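# Observations on the model geometry
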Amino acid sequence: KNEVEQSPQNLTAQEGEFITINCSYSVGISALHWLQQHPGGGIVSLFMLSSGKKKHGRLIATINIQEKHSSLHITASHPRDSAVYICAVGEGGSEKLVFGKGTKLTVNP
Amino acid sequence: ETGVTQSPTHLIKTRGQQVTLRCSSQSGHNTVSWYQQALGQGPQFIFQYYREEENGRGNFPPRFSGLQFPNYSSELNVNALELDDSALYLCASSWNRGGYGYTFGSGTRLTVV
C-alpha cells in the first residue's frame, strides 16, 4: 500500500516569496499528480509527472523517481495562490490514485 | 473540450435516505473514478468504472454503488445514509485506467443530518 506524505501541512508566506511544498511516497508509481483545491472543494489538476520537471507559469514541479520524492515550487507567490495543494500518486497498473492530506498555503499581501 | 461536470453541487439529506450523485466525464474519457473527501482529509478512493464495468473498489461498504453509462457518464448511489457519509464527493475522468491524465469535477458537497 502506498503512503503519501506531504510537508509542511500548513504554510504561511508573504506575497512575493518563493514557496516549496514536498511530497514523498513509499511505493513505485506510474505517475504523480499535483492538484490545487480552493475553498468550496473543486480540484484543479496542475501537473502530472512521471519523470523530470515541468513548468507552467509561476509553478514548477519536479520529481526524483529514485528518491520517491516530488516538490512543487511557486515563484513570486501571490494571495490568489492561497489554496490547499495536494499530491496524489497513481501506481503502475492500479486503478486508483492515493492522495496526500494536502498542504494549506496562505499567502498574505 | 468539456470538463467534468458534477451535479448537484450541494445536497442535504436525512439519515437513512438514499442519494444519487451524477458525473459527466470529459469528452474522450472512458474511465470514471469516485472519491470521498471528509473535512480536513485527502480524498479516499471509492471505486472506478471503465467502459461500464466496475474496475476496482476501495474500502467502502456495499451501500455505496455506482453505474457507468454508454456515454461514459456515471452515477454514485449511497443507500441508508449515515452521518459520517457527510463529505465532498469528487468524480474524476481519465482516458485510461492506470492513474494518468485525470480531470476532476468540482465535487458534490453532501450533508447528512
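The structure presented is a predicted model; accordingly, all values stated were derived computationally and were not measured.

### Here's the deal with the overall build of chain B
On a plain count of helices and strands, chain B comes out with zero helices and eleven strands. Along its sequence from the N terminus, chain B presents helices and strands in the succession β-β-β-β-β-β-β-β-β-β-β. Scaling as 2.2 N^0.38, a compact globule of 113 residues should have a C-alpha radius of gyration of about 13 Å, and chain B matches this with 13 Å. Referenced to the eigenvectors of the C-alpha coordinate spread, the extents of chain B come out at roughly 40 × 25 × 25 Å. A buried classification covers 52% of the 113 residues belonging to chain B. In chain B, once contacts between residues fewer than 6 apart in sequence are set aside, the share between residues at least 24 apart is 53%. Carbon together with sulfur atoms contributes 48% to the accessible area of chain B, which is approximately 5,300 Å² in total. Of the charged side chains in chain B, 8 are positive and 8 negative, and the gap between their average positions amounts to 3 Å.

### A look at the environment of Phe18 of chain A
All names here are of chain A. In this structure, Phe18 sits in the loop between strand E2 (10-14) and strand E3 (19-25). Taking the relative accessible area as the measure of exposure, Phe18 reaches 52% and is therefore exposed. Separated by 60 residues in the primary sequence, Phe18 and His78 have C-alpha atoms spaced 10.0 Å apart. Residues contacting Phe18, with those up to four places away along its chain left out, are His73, Ile74 and Thr75.

### Quick word on the interface of chain B and chain A
Contacts between the two partners involve 22 residues from chain B and, on the opposite side, 21 residues from chain A. Surface buried jointly by chain B and chain A totals about 1,600 Å² across both partners, of which 59% is contributed by carbon and sulfur atoms. One can count zero salt bridges joining chain B with chain A. Going through the elements one at a time, strand E4 (31-37), strand E5 (44-50), strand E6 (53-57) and strand E9 (87-94) of chain B are the ones with two or more residues in the side of chain B that touches chain A. When its residues are assigned to classes, the side of chain B that touches chain A shows eight nonpolar, twelve polar and two charged.

### Things to note about the sheet that holds strand E3 (residues 19-24) of chain B
Residues and elements named next belong to chain B. With respect to topology, four strands assemble into an open sheet ordered E1-E3-E8-E7, the strand pairing being antiparallel. Edge positions in the open sheet fall to strand E1 (5-7) and strand E7 (64-68), since each of these has one partner strand only. Here the strands of the sheet are splayed against their neighbours by 15° on average, with no regard to which way each runs. Pairing analysis gives five bridges linking E7 to strand E8 (residues 74-78), with the strands arranged antiparallel.

### Notes on the state of the cysteines
Residues and elements named next belong to chain A. This model, assessed by the stated rule, comprises two disulfides over all chains. Through a disulfide, Cys23 is tied to Cys87; the S-S separation comes to 2.0 Å. One disulfide, between Cys23 and Cys87, carries an S-S torsion of -60° and so falls in the left-handed class. Separated by 64 residues along the polypeptide, Cys23 in strand E3 and Cys87 in strand E9 (residues 83-90) bring together distant segments of the chain.

### Some thoughts on the sheet that holds strand E1 (residues 4-7) of chain A
Residues and elements named next belong to chain A. The antiparallel open sheet is built from five strands, whose spatial order is E1-E3-E8-E7-E6. Across the chains shown, the open sheet's two edge strands, defined by having one partner strand only, are E1 and strand E6 (52-56). Taken over all neighbouring pairs, the strand axes of this sheet differ in orientation by 15° on average, direction set aside. Judged from the four bridges that link them, E1 and E3 form a sheet pairing that is antiparallel. Bridge pairing in E3 links Gln6 to Cys23.

### Comments concerning the environment of Gln6 of chain B
Residues and elements named next belong to chain B. Secondary-structure assignment places Gln6 in strand E1. A residue is classified by how much of its surface remains accessible, and Gln6, at 7% relative accessible area, is buried. The spatial distance from the C-alpha of Gln6 to the C-alpha of Gly105 is 5.9 Å, given a sequence separation of 99 residues. The contacts of Gln6, once residues within four sequence positions are left out, are Arg22, Cys23, Trp34, Tyr89, Leu90, Cys91, Gly105, Ser106, Gly107 and Thr108. A polar contact of 2.9 Å, which involves the side chain of Gln6, links it to the backbone oxygen of Tyr89.

Conventions used here
Residues numbered from 1 in each chain as written. Chains lettered and ligands numbered in written order. Predicted model: local features only at pLDDT ≥ 70, side-chain atom pairs only at ≥ 80, totals over all residues. Heavy atoms only, no water. Helix = DSSP H or I, 4+ residues; strand = E, 2+ residues; numbered from the N terminus. Rg over C-alpha atoms; globule rule 2.2 N^0.38 Å. Buried < 20%, exposed > 50% of the residue type's maximum accessible area, 1.4 Å probe, protein only. Contact = heavy atoms within 4.5 Å. Areas by Shrake-Rupley, 256 points an atom, 1.4 Å probe, with all protein chains shown as cover. Lys, Arg positive; Asp, Glu negative; His and termini not counted. Charge placed at Lys NZ, Arg CZ, Asp CG, Glu CD. Buried area = accessible area lost by both parts, 1.4 Å probe. Salt bridge = Lys/Arg side-chain N within 4 Å of Asp/Glu carboxyl O. Nonpolar A, V, L, I, M, F, W, Y, C, P; charged D, E, K, R; others polar. Pairing = 2+ DSSP bridges. Axes fitted to C-alpha atoms, helices over the stretch in contact; angles between N-to-C directions. Disulfide = S-S within 2.5 Å. Polar contact = N/O pair within 3.5 Å; in protein donor to acceptor, adjacent residues only side chain to side chain.

That's the geometry; what it means functionally is another story.
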